[in-house]
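# Structural overview for review
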Amino acid sequence: MDVKENDPFGFMPLWCGLLDIYVDFAKICKKYGLRHYVAYGTAIGAIRHQGFIPWDDDFDVVMPREDYELFISKYYEELMQEHKLINHHNHKLFKNAFSKIMLGDRKKLTEIETATRRKQNQGVFIDIFPYDYYHCDLDENQKSKLSQKIDKIRKQKLNKKYKKRVFFRRSYKGFLI
């Protein structure tokens, strides 16, 4: 398979930028023993396209909640100079229940935009989604109540800042996604 076949939209420079961010992220995870998994479109691309989905312009990672929280705390010690961490704690306009690590190098971003002939209005970033989980040996009623409790806490926490934003999660095999 040639590159044109895998990259009909000319996203290769963007994907290289995403991989640079991911490599830095993965180094921190390895250093602190943090679990993380490639997910969503990134996982589909890895399996189906042996790389990225040709039209995909981000990188998705999931982490168990405790590892996610530890990563957020260690980020400031490790990557603050190279990339920007964006989440609802540090950016008042970010209204999501996950974080982004954005490419911090403006020169590199400009090079990517020039090479792909595409303005990256939201930047080049990887999304990091926390997973909250519960024991699978709970009965359906207990799982439902626990899911509702977690949702309520999540909504209360985020709705302090964002009154009109609606957040929802669904349950799948012991995980809230």
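For the structure, see preceding data.
### Quick notes on the overall build of the protein chain
A tally of regular secondary structure across the protein chain gives six helices and seven strands. Counting over 177 residues, the protein chain shows a buried share of 44%. Counted over contacts in the protein chain with a minimum sequence separation of 6, partners at least 24 positions apart contribute 63%. When the accessible surface of the protein chain is totalled, it reaches about 11,100 Å², and 56% of it is carbon and sulfur.

### Focus on the pairing of strand β2 (residues 59–64)
Of all six residues in β2, six are buried; the element is thus mostly enclosed. Alternating positions in β2 separate into two faces, Phe-59, Val-61 and Met-63 on one and Asp-60, Val-62 and Pro-64 on the other, with burial throughout. Looking at chain direction, strand β1 (residues 37–38) and β2 are connected through two bridges and run antiparallel. Bridge assignment links Tyr-37 to a residue of β2, and that residue is Val-62. When β2 meets strand β5 (residues 125–133), the two strands line up parallel, connected through six bridges.

### Describing the packing of helix α2 (residues 12–32) against helix α4 (residues 65–78)
Two elements in contact, α2 and α4, have axes whose closest approach is 11 Å; the angle formed by their N-to-C orientations is 115°. Put simply, α2 runs roughly perpendicular to α4. Judged by the twist between their axes, the crossing of α2 over α4 is right-handed. Contacts from Phe-25, Ile-28, Lys-31 and Tyr-32 of α2 reach α4 at Phe-71, Lys-74, Glu-77 and Glu-78. Partitioned by chemical class, the residues of the contact of α2 with α4 number four nonpolar, no polar and four charged.

### Examining the environment of Ile-44
Along the polypeptide, Ile-44 turns up in helix α3 (residues 40–48). Setting aside chain neighbours within four positions, we find Ile-44 in contact with His-49 and Ile-53.

### Looking at the packing of aromatic side chains
For the structure on display, the rule yields seven aromatic pairs. On the basis of an interplanar angle of 40° and a centroid distance of 6.0 Å, the ring pair of Tyr-22 and Phe-25 is categorised as tilted. With Tyr-22 and Phe-25 both in helix α2, this residue pair falls three residues apart, about one helical turn. Neither residue differs from the other here; Tyr-22 and Phe-25 are each classed as buried. Taken together, a centroid distance of 6.1 Å and an interplanar angle of 65° make the contact between Phe-52 and Phe-59 edge-to-face. For Phe-52, a relative accessible area of 12% puts it in the buried group. With a relative accessible area of 5%, Phe-59 lands in the buried category. Site record: aromatic cluster; members linked through ring pairs are Trp-15, Tyr-22, Phe-25, Phe-52, Phe-59 and Phe-71.

### Section: the nonpolar core
If you look at the biggest cluster of nonpolar residues, it comprises 25 residues, and the most contacted ones within it are Leu-18, Phe-25, Met-63, Phe-71, Ile-101, Ile-126 and Ile-128. Listed by contribution, the elements that provide at least two residues to this core are α2, β2, α4, β4 (99–103) and β5. The leading source of residues in this core is α2, at nine residues. If you look at the next biggest cluster of nonpolar residues, it comprises nine residues, including Ala-39, Ile-86, Phe-94 and Tyr-131.

### A few points about the side chain of Asp-67
Locating Asp-67 in the fold gives a position in helix α4. The residues touching Asp-67, leaving out its near neighbours within four places in the chain, are Leu-34 and Arg-35.

### As for unusual backbone geometry
Of note, the phi angle at Tyr-40 is positive, near 50°, even though the residue is not glycine. Examined against the element boundaries, Tyr-40 turns out to sit in helix α3. The phi torsion at Gln-50 lies on the positive side, around 50°, for a residue other than glycine. Turning to its location among the elements, Gln-50 is positioned in the loop between α3 and β2. With a relative accessible area of 59%, Gln-50 lands in the exposed category.

Cut-off values and rules
Residues numbered from 1 in each chain as written. Predicted model: local features only at pLDDT ≥ 70, side-chain atom pairs only at ≥ 80, totals over all residues. Heavy atoms only, no water. Helix = DSSP H or I, 4+ residues; strand = E, 2+ residues; numbered from the N terminus. Buried < 20%, exposed > 50% of the residue type's maximum accessible area, 1.4 Å probe, protein only. Contact = heavy atoms within 4.5 Å. Areas by Shrake-Rupley, 256 points an atom, 1.4 Å probe, with all protein chains shown as cover. Pairing = 2+ DSSP bridges. Axes fitted to C-alpha atoms, helices over the stretch in contact; angles between N-to-C directions. Parallel < 35°, antiparallel > 145°, perpendicular 65-115°, else oblique. Left-handed = near helix turned anticlockwise from the far one by under 90°. Nonpolar A, V, L, I, M, F, W, Y, C, P; charged D, E, K, R; others polar. Phe/Tyr/Trp six-rings, centres within 6.5 Å; stacked < 30°, edge-to-face > 60°. Core = buried A, V, L, I, M, F, W, Y, C linked by side-chain atoms within 4.5 Å.

Coordinates in, geometry out; function isn't part of it.
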